[in-house]
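# Results of the structural survey
Now for the letters of each chain:
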Amino acid sequence: MSDSTASATATMPRHLLSIADLDADLIRTLLDTATQMQDVQRREVKKIPTLRGRTVINLFFEDSTRTRSSFEIAGKWMSADTINITGKGSSTSKGESLRDTVMTIDAMGVDALVMRHSASGAAHQVAGWVDAHVINAGDGTHEHPTQALLDAYTMEQRIGGLAGKHVVIVGDLTHSRVFRSNVLSLRMLGADVTVVAPVTLMPSGIRAWSEADGFALSNDLDLILTGDRGVDALMMLRVQKERMSGGYFPTAREYTVGYGLTRPRLQRLVADHPKVVICHPGPMNRGLEISADAADAAQSLILDQVAAGVAVRMSVLYHLLAGAEGGAA
Amino acid sequence: MPREDSPGEGRVVLSDADIARVLKRIAHEILEANKGASDLVLLGIPSRGVLLAQRLAAIIAEVEGTAVPTGALDITMYRDDLRKQPTRTPMPTSIPGGTVDARVVVLVDDVLYSGRTVRAALDALGDYGRPRAVRLAVLVDRGHRELPIRADHVGKNLPTSHSEKVRVRLLGHDDHESVTIAGGEP
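Thresholds applied
- Residues numbered from 1 in each chain as written.
- Chains lettered and ligands numbered in written order.
- Predicted model: local features only at pLDDT ≥ 70, side-chain atom pairs only at ≥ 80, totals over all residues.
- Heavy atoms only, no water.
- Helix = DSSP H or I, 4+ residues; strand = E, 2+ residues; numbered from the N terminus.
- Buried < 20%, exposed > 50% of the residue type's maximum accessible area, 1.4 Å probe, protein only.
- Contact = heavy atoms within 4.5 Å.
- Buried area = accessible area lost by both parts, 1.4 Å probe.
- Salt bridge = Lys/Arg side-chain N within 4 Å of Asp/Glu carboxyl O.
- Polar contact = N/O pair within 3.5 Å; in protein donor to acceptor, adjacent residues only side chain to side chain.
- Nonpolar A, V, L, I, M, F, W, Y, C, P; charged D, E, K, R; others polar.
- Pairing = 2+ DSSP bridges.
- Axes fitted to C-alpha atoms, helices over the stretch in contact; angles between N-to-C directions.
- UniProt positions renumbered as here; feature names shortened; annotations may be inferred.
- pLDDT = per-residue confidence, 0-100.

Counting its secondary structure elements, chain A contains twelve helices and nine strands. With the C-alpha coordinates of chain A rotated into their principal frame, the extents come out at 55 × 55 × 40 Å. Of all 329 residues assigned to chain A, the portion counted as buried reaches 58%. The long-range fraction of contacts in chain A, counting pairs at least 24 apart against all pairs at least 6 apart in sequence, stands at 73%.

Structure, rendered in structure tokens:
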């Protein structure tokens, strides 16, 4: 087959720091590859030799269950050696700077650094210091690109192509990196996006951004859910208690009443739009932003999102690490 | 009938009628070697190998009256030259019945050249089970093997030089059917 076919994909960036590093074609490539990776996930022998001899370090300065474990599984299924380093157990707790920590790890000759840090822009900064490929697994309130990719993948699997579909994102926009990455990728894929939050949880400057990128803003969830535009997908964001110093909303109860996917809201939504899908990046605050009924509803894609996380991260590791260095032939 | 398609297209070594005849012969060879169609699975290597596998299955169905399970085996993730080129998007793999245990697998590809694709396919196959036997059917064998691999069923042996380019076109993938050879020293 060496003679025929072999269409090379557009050039992947060296690092995956932001969805803005990609374009619609590259996202398409990553999602199409994820489809094939999900086949590996369904096989009896979940191992392919693609990244044999590569080393992937998960460097997590913030807590994580699904992102870290899915990157680890993704690496292992592709035969890479994956190692987890957490902020708490590393020398940063002895006072070592971030720069010294990542330079130390890089000096061991690793191929990829999957990084989560509480500072926005941390992954970007680290990418300038190291030879390894850097994958942003969440930086502060900035971006979480692989989450947006797996969200797009999961929604597409259920509702088909996202072009022209209406995706409603609800919750704590100020602190949400998931929202930022998702708006970028969903717009690139041609979806119509409406973001809903109380005024206190809308970041400053969002109006200018929404006008530039063409998404809609609202403070009234019920108005959007019952609107003429319909709803194809509803993404509930986590209320990030750990990033809040209070004062964003009076009580949790009040937030739930205004912006939670409560049982009555769910029933009405499903009655109006039986084909709607519900996403949540996890971890959920059941009873706060999403009711147990909604989380466990037939319309909920929450566990599909977790399953897709592994396939999408395999795809990202493959396209960043497997090919020729620098993307050249 | 040899014909010149257009400048730069090269010399036609198999026409559409030739391809049809060659596939008929290969289908019969497969049946003869296997003493019938029992336990056979045809796995095409994307993209044109899949089309060829389907065509062979159709001929076998006509001759034997049995439907032979046919699928696709993508080898992208098993290539040994991944680092030498930009990454490619893998193609679907579909294994009929989900396993190749105890089956006689016939790998089908369009062109056999270095043998590295087949090596990768054998590795990939091992992750789907343990076939009773694996055979290889190709439309064109152009020589220049780099590994100890040979085909069991060959449509046409085509002596080539490294600088020549063999192109296979098949309906379903291209707008007409032919095998052409171009380039190299005259």
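This part takes up the interface of chain A and chain B. The partner chain B presents 30 residues to the 33 residues of chain A that form the contact. Summed over both sides, the interface between chain A and chain B buries roughly 2600 Å², with carbon and sulfur atoms accounting for 51% of that surface. Connecting chain A to chain B are one salt bridge. Taking the shortest distance from any N to any O, the salt bridge between Asp127 of chain B and Arg43 of chain A comes out at 3.3 Å. On inspection of chain A and its partner chain B, the count reaches seven residue pairs in polar contact (both at pLDDT 80 or more). Broken down by element, the side of chain A that touches chain B gets its largest block of residues, six residues, from helix H1 (residues 24-42) of chain A. Among the residues making up the side of chain A that touches chain B, the classes are represented as 14 nonpolar, twelve polar and seven charged.

This paragraph deals with the sheet that holds strand S6 (residues 153-157) of chain B. Strand pairs in the sheet, formed through backbone hydrogen bonds, run parallel or antiparallel to each other. All names here are of chain B. Read across the open sheet, the five strands follow the order S3-S2-S4-S5-S6; overall the sheet is parallel. In the strand order of this sheet, the two ends are held by strand S3 (70-72) and S6, each with one partner. The mean inter-strand angle of the sheet, taken between neighbouring strand axes irrespective of direction, is 25°. In this sheet, strand S4 (residues 104-112) lies alongside strand S2 (residues 40-44) in parallel orientation, the contact comprising five bridges. When the sheet's bridge partners are listed, Val41 is paired in S4 with Val105. In the packing of helix H1 (residues 16-34) onto the sheet, the strands contacted are S2, S4, strand S5 (133-141) and S6, and the crossing angle to S6 comes to about 150°. Helix H2 (residues 48-64) rests against S2, S3, S4 and S5 of the sheet, and its axis sits at about 125° to S4.

With that out of the way, let us pick up the side chain of Thr50 of chain A. Residue placement: Thr50 of chain A occurs in the loop between H1 and strand S1 (55-60). For Thr50 of chain A, a relative accessible area of 7% translates into the label buried. Of note is the side chain of Thr50 of chain A, whose polar atom sits 2.9 Å from the backbone oxygen of Met77 of chain B. Filtering out sequence-adjacent residues up to four positions away, Thr50 of chain A remains in contact with Met78, Tyr318 and Ala322 of chain A together with Met77 and Leu82 of chain B.

Attention now moves to the UniProt feature "short sequence motif: PRPP-binding" (unreviewed entry) in chain B. When the UniProt feature table is mapped onto this chain numbering, "short sequence motif: PRPP-binding" (unreviewed entry) sits at residues 105-117 of chain B. Secondary structure across residues 105-117 of chain B divides into 15% helix and 62% strand, with the first and last C-alpha atoms of the span separated by 16 Å.

The next thing to look at is the confidence of the model for chain B. Overall, the prediction assigns chain B a mean pLDDT of 93, with 95% of residues at 70 or greater. Per the prediction output, this complex has pTM 0.90; the corresponding ipTM is 0.84.

Residues given the UniProt feature "domain: Phosphoribosyltransferase" (unreviewed entry) here are residues 19-154 of chain B. The distance from the first to the last C-alpha atom of residues 19-154 of chain B is 12 Å, and the span holds 32% helix and 21% strand.

Turning to the confidence of the model for chain A, a few remarks are in order. Mean pLDDT over chain A stands at 92; residues scoring 70 or higher make up 95%. Residue range residues 1-9 of chain A is modelled with pLDDT below 50. Its contacts to residues more than four positions away, or to other chains, number 25 contacts.

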